[in-house]
Amino acid sequence: MRNTTIKGFLYAALSSSTFGLAPFFSISLLIAGFSSFEVLTYRWGIASLILAIAGIILGEQFRISRKDWQTVFILSLFRATTSFSLVIAYQNIASGVASTIHFMYPLAVAVTMMLFFKEKKVFLYPVCSVHFIDRCNTAINGRDRFRRRRYYNRAGLVAAAISIFSYGGYIIGVRKSRAVNIPSTALTCYVMGFGTLFYIIGGCLTDGIRLATDSHTWLNILGLAIPATAVSNISLVKAIKHVGPTLTSIFGALEPLTAIVIGCCVFKESFTWSSTIGIALIVTAVIIVITRENSMGKVRK
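These numbers come from a predicted model, not from an experiment. (Residues numbered from 1 in each chain as written. Predicted model: local features only at pLDDT ≥ 70, side-chain atom pairs only at ≥ 80, totals over all residues. Heavy atoms only, no water.)

(A) Seen up close, the overall build of the protein chain. Of regular secondary structure, the protein chain possesses 13 helices and zero strands. In the protein chain, the succession of helices and strands from N to C terminus is α-α-α-α-α-α-α-α-α-α-α-α-α. Counting across all 301 residues of the protein chain, residues that qualify as buried make up 52%. Within the protein chain, contacts between residues at least 6 apart in sequence are counted, and of these 87% link residues at least 24 apart. Carbon and sulfur atoms make up 66% of the accessible area of the protein chain, which totals about 14100 Å². (Helix = DSSP H or I, 4+ residues; strand = E, 2+ residues; numbered from the N terminus. Buried < 20%, exposed > 50% of the residue type's maximum accessible area, 1.4 Å probe, protein only. Contact = heavy atoms within 4.5 Å. Areas by Shrake-Rupley, 256 points an atom, 1.4 Å probe, with all protein chains shown as cover.)

(B) Expanded view of the pattern of salt bridges. One pass over the structure, following the stated rule, counts two salt bridges. Across the salt bridge formed by Arg-210 and Glu-38, the nearest N and O atoms sit 3.0 Å from each other. With Arg-210 in the loop between α9 (184–205) and α10 (215–243) and Glu-38 in helix α3 (residues 36–57), the pair connects residues that are 172 residues apart, well separated along the chain. Looking at Arg-210, the relative accessible area reads 39%, which means it is partly exposed. A relative accessible area of 3% places Glu-38 in the buried class. Between Asp-68 and Arg-178 there is a salt bridge, with its nearest N and O atoms 3.0 Å apart. Of this pair, Asp-68 sits in helix α4 (residues 66–92) while Arg-178 sits in the loop between α8 (154–175) and α9, and the two are 110 residues apart along the sequence. Since its relative accessible area comes to 11%, Asp-68 is described here as buried. In this structure Arg-178 comes out as partly exposed when scored by relative accessible area, which is 39%. (Salt bridge = Lys/Arg side-chain N within 4 Å of Asp/Glu carboxyl O.)

(C) Representation of the nonpolar core in the model. Residues Val-72, Leu-75, Tyr-170, Val-174, Ile-182, Leu-187 and Leu-224 are the most contacted members of the largest nonpolar core, which totals 57 residues. Phe-9, Ala-12, Leu-247 and Ile-250 belong to the second-largest nonpolar core, a separate cluster that totals seven residues. (Core = buried A, V, L, I, M, F, W, Y, C linked by side-chain atoms within 4.5 Å.)

(D) Representation of the environment of Leu-157 within the structure. As for its placement among the helices and strands, Leu-157 is situated in helix α8. A relative accessible area of 29% places Leu-157 in the partly exposed class. Leu-157 sits 67 residues away from Tyr-90 along the chain, and the two C-alpha atoms are 9.8 Å apart.

(E) Up close: the packing of helix α6 (residues 105–117) against α8. Two elements in contact, α6 and α8, have axes whose closest approach is 9 Å; the angle formed by their N-to-C orientations is 55°. Accordingly, the angle class assigned to the pair α6 and α8 is oblique. Crossing of α6 against α8: the hand is right-handed. Taken together, the residues of α8 that come into contact with α6 (itself represented by Tyr-105, Ala-108, Val-109, Thr-112, Met-113 and Phe-117) are Ile-164, Tyr-167, Gly-168, Ile-171 and Ile-172. A class-by-class count of the residues in the contact of α6 with α8 yields nine nonpolar, two polar and no charged. (Axes fitted to C-alpha atoms, helices over the stretch in contact; angles between N-to-C directions. Parallel < 35°, antiparallel > 145°, perpendicular 65-115°, else oblique. Left-handed = near helix turned anticlockwise from the far one by under 90°. Nonpolar A, V, L, I, M, F, W, Y, C, P; charged D, E, K, R; others polar.)

(F) Representation of the confidence of the model for the protein chain. Of all residues in the protein chain, 70% attain a pLDDT of 70 or more, and the chain-wide mean is 80. Below a pLDDT of 50 lies the segment residues 139–151, which in the model reaches 31 contacts outside its immediate sequence neighbourhood of four places, other chains included. (pLDDT = per-residue confidence, 0-100.)

(G) Here's a closer look at a nonpolar patch on the surface. Together, Leu-49, Ile-53, Ile-57 and Leu-58 give the surface a local cluster of nonpolar side chains, amounting to about 450 Å² of exposed area. Position of Ile-57 among the secondary structure elements: in helix α3. (Patch = residues over 30% accessible without salt bridge, like charges linked within 9 Å, V, L, I, M, F, W, Y side chains within 5 Å.)

Printed below as a string of structure tokens:
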């Protein structure tokens, strides 16, 4: 297996595992009374600022062409829509249900790549992964801790469904547009920067954006902004550029593992045999993808 492929898998695993922290921190802020626009403004604003500072310190290139700005703007619309739709979903339906629906995006990515970009022999991977993800989410989907309700709200279902296609569009766009030639740090920073502007405008047009003052709130904000956003998104972009959108999306199967760990350690949920089976299926799916890619690489040689 080539070094670039190994790096791609590592970046994809890091991205999916850290992204799995987003529901916990987002719901914690929503419970504290923050609006969707406030949560997302803090999330993307602080994350983009941190990436910008890190990029400058590391000497990253941030200059891009005018045509690249058009691509970045379009990608930021996809990415911002994903985050906003997920927060709306968390407010209206159980977070486990919202996550299960969102984790259908590997299938959307694979089907799009096959139909429009003539990518072949990828359908089995996302189908298996989606099945494993659904099994795991069903296993860990306990009581909802935000609204304490189990019914399916139409707005929440629609919002979660929108996140499938917006996130899939973003993943494909990073690889199949001019974005593939934009430095990863610059691309991620600009996408999140535009997203922050969108959320600030949304907040100003609704209830405004309050200033967070207490330390506990800031811990949730920093947890949401740094690992679940800055680290996750820069790793996602690097993974897509190394192994492509389909394989990267399949590693989204690791996201529920983070949810299991949080559920057991933070919310004191029981670790059942169903949870064990769910973890085993997810790990199996990832191992199959890696070994298959390794064997295909040897055949190409």
